[in-house]
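A structural walkthrough
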Amino acid sequence: MIQPRIPGLRSVLAGGALFLCGQATAAPFPPPGPLPPAQDQALARDILAQLVGINSTFDHGTVAAAEAVRQRLLDAGFAPSDIQMLIPAAFPTKANVVVRLRGSGKARPVLYIGHLDVVEARPEDWSVDPFKLTEKDGFFYGRGAFDMKDEDAAVLDALTRLKREGYVPNRDIIVAFTADEEAGDDTTNCVRWLIAEHRDVIDAGLVINPDSGLGDMQQGRRLDVNLQTAEKTYVTYTATANSPGGHSSLPEADNAIYRLSEGLVRLSKAPFPASASPTTKAYFAYLATTQTGQVHDDMLTVSKGPGPGFEAAAERLSVTPLYGSQLRTTCVATMLTAGQQENALPDKAQATIQCRVLPDETVAATQAALAERFADPKITLAVVYMPAPNPESPLDPAVLKAAQSISQSMWPGVPILPLMSVGADDSVYTRAAGMPSYGLSGTFNEIGDNRAHARDERVGVAAFYENVEFTYRLMKALTR
Ligand SMILES: [Zn+2]
């Protein structure tokens, strides 16, 4: 069964993690923090322009983009033997480049992952050419300018800069530029494929995925930098009721539509229990400092984990779906089919139920909880897709400390906010493979103006250059 993954996490979450109701406004970018040397600004911009200029949508594949990256790495002085072009035999257009900056081996390698593919862009929908980098009004426009060719360019520049410096990290730095994060499915996703087929090439003790974990900005004021440590799992069930059928002129008491409907109403009224992982606690502890009144008190309460007042506070917070999604597994009916003919009693009614499962909960337990809510043995549940386990990555003190100190040095007072995503990106595969993975990037984006996957996708020019510097500093801080 094909996994109904939610690709393209940036579009789900980026920049809007806390204040989704924010309206898109043309807020000014605050005075930029430290920027990289002019040479690296020029290089990063050049790489971004080149990558945006290469159409790497699902149908086009990533061969040209991967070739461009490979050539850049050779130009930077990487030995050909340290650069691998890896292409699945079954999918010859899905090219991946993996490079290794060799270190002194004092720790297991750190792996960066960055997807080279982008979602479709129809030129007629855009005000600029989506496959040409355009600088306008303080922004870079183009498909992938924000998701995530900007990050690929920052990582590639950081590698080049470290190579130029003759830097020897204390552990190998591996970077995998990959295909098919956005579209396709489990069969073509190349992070999954690399883990399955080339584990030795990418095996690492720590994974950084700059596809998520961004900086939030509101009205041009920097609020926080997200550090993604976990993702909810995505499980789809069908709930099916059957009944004998017959002519509609002779209704029977047992009617599949009524039976299923009653079960669905029971489900809608019984949310799953609230809980709080270390990431969730840290998330609400920080968020409480930005709130007042009851919301502040409730956030503080849940940040302490289960105890007096926890359930009631979680219930009040869950009125806001974003907060509720952090606190509990959610299951919701998304599709319904029933009956076969207008004058016949239904012989079948079926609902599709979408669950977003907390990292520490199992599919089996979720199904048992669903069955309890349907409370009808004649409603049968079936899993449409069984996801891989996706454990939360522990809040690694070394990663947190590195991120905090770089954030302080670049944007004094801006905290690091641990976060569980409610969608999934490629970290789902590295976490499932037992590699602790963190979504982290220094790209600030105005809340409510997230254009990943949308028309006129863009990244702030200053935000882009700041992240080039952030990426370089982080890569160094994690490897010395
Ligand atoms: Zn992405």
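Residues numbered from 1 in each chain as written. Predicted model: local features only at pLDDT ≥ 70, side-chain atom pairs only at ≥ 80, totals over all residues. Heavy atoms only, no water.

Considerations on the overall build of the chain
Of regular secondary structure, the chain possesses 15 helices and 19 strands. Whereas a compact globule of 480 residues would reach a radius of gyration of roughly 23 Å, the chain reaches 24 Å, a difference of no more than 12%. Each principal axis of the C-alpha distribution contributes one length, and for the chain these read about 80 × 55 × 50 Å. When burial is assessed residue by residue, the chain has 56% of its 480 residues classed as buried. Here the chain displays about 19,000 Å² of accessible surface, and carbon together with sulfur accounts for 56% of that area. Each charge class in the chain can be summarised by its mean position, and for the 43 positive and 55 negative side chains these summaries are 5 Å apart. (Helix = DSSP H or I, 4+ residues; strand = E, 2+ residues; numbered from the N terminus. Rg over C-alpha atoms; globule rule 2.2 N^0.38 Å. Buried < 20%, exposed > 50% of the residue type's maximum accessible area, 1.4 Å probe, protein only. Areas by Shrake-Rupley, 256 points an atom, 1.4 Å probe, with all protein chains shown as cover. Lys, Arg positive; Asp, Glu negative; His and termini not counted. Charge placed at Lys NZ, Arg CZ, Asp CG, Glu CD.)

Quick look at the confidence of the model for the chain
Averaged over every residue, the pLDDT of the chain is 92; residues scoring 70 or more account for 94%. Ignoring residues within four places in sequence, the model shows residues 1-9, a span with pLDDT below 50, making 38 contacts including any to other chains. Note on residues 11-25: pLDDT is under 50 here. Beyond four places in sequence and across chains, it has 43 contacts. (pLDDT = per-residue confidence, 0-100. Contact = heavy atoms within 4.5 Å.)

Examining the state of the cysteines
Considering all chains together, one arrives at one disulfide under this definition. With a sulfur-sulfur separation of 2.1 Å, Cys331 is cross-linked through a disulfide to Cys355. The sign of the 115 degrees torsion about the S-S bond sets the Cys331-Cys355 disulfide as right-handed. Here Cys355 lies in strand E14 (residues 348-357) and Cys331 lies in strand E12 (residues 330-338), a separation of 24 residues in the sequence. A single burial state applies to Cys331 and to Cys355, both of which are buried. (Disulfide = S-S within 2.5 Å.)

Quick word on unusual backbone geometry
Geometrically, the link from Asp147 to Met148 is a cis peptide bond, its omega value of -10 degrees lying close to zero. Tracing the backbone shows Met148 in the loop between strand E5 (139-141) and helix H4 (149-165). With phi around 65 degrees, Asp180 is a residue other than glycine that occupies positive phi space. Tracing the backbone through its elements, the reader meets Asp180 in the loop between strand E6 (173-178) and helix H5 (190-197). A positive phi angle is found at Asp456, which is not glycine, with a value near 50 degrees.

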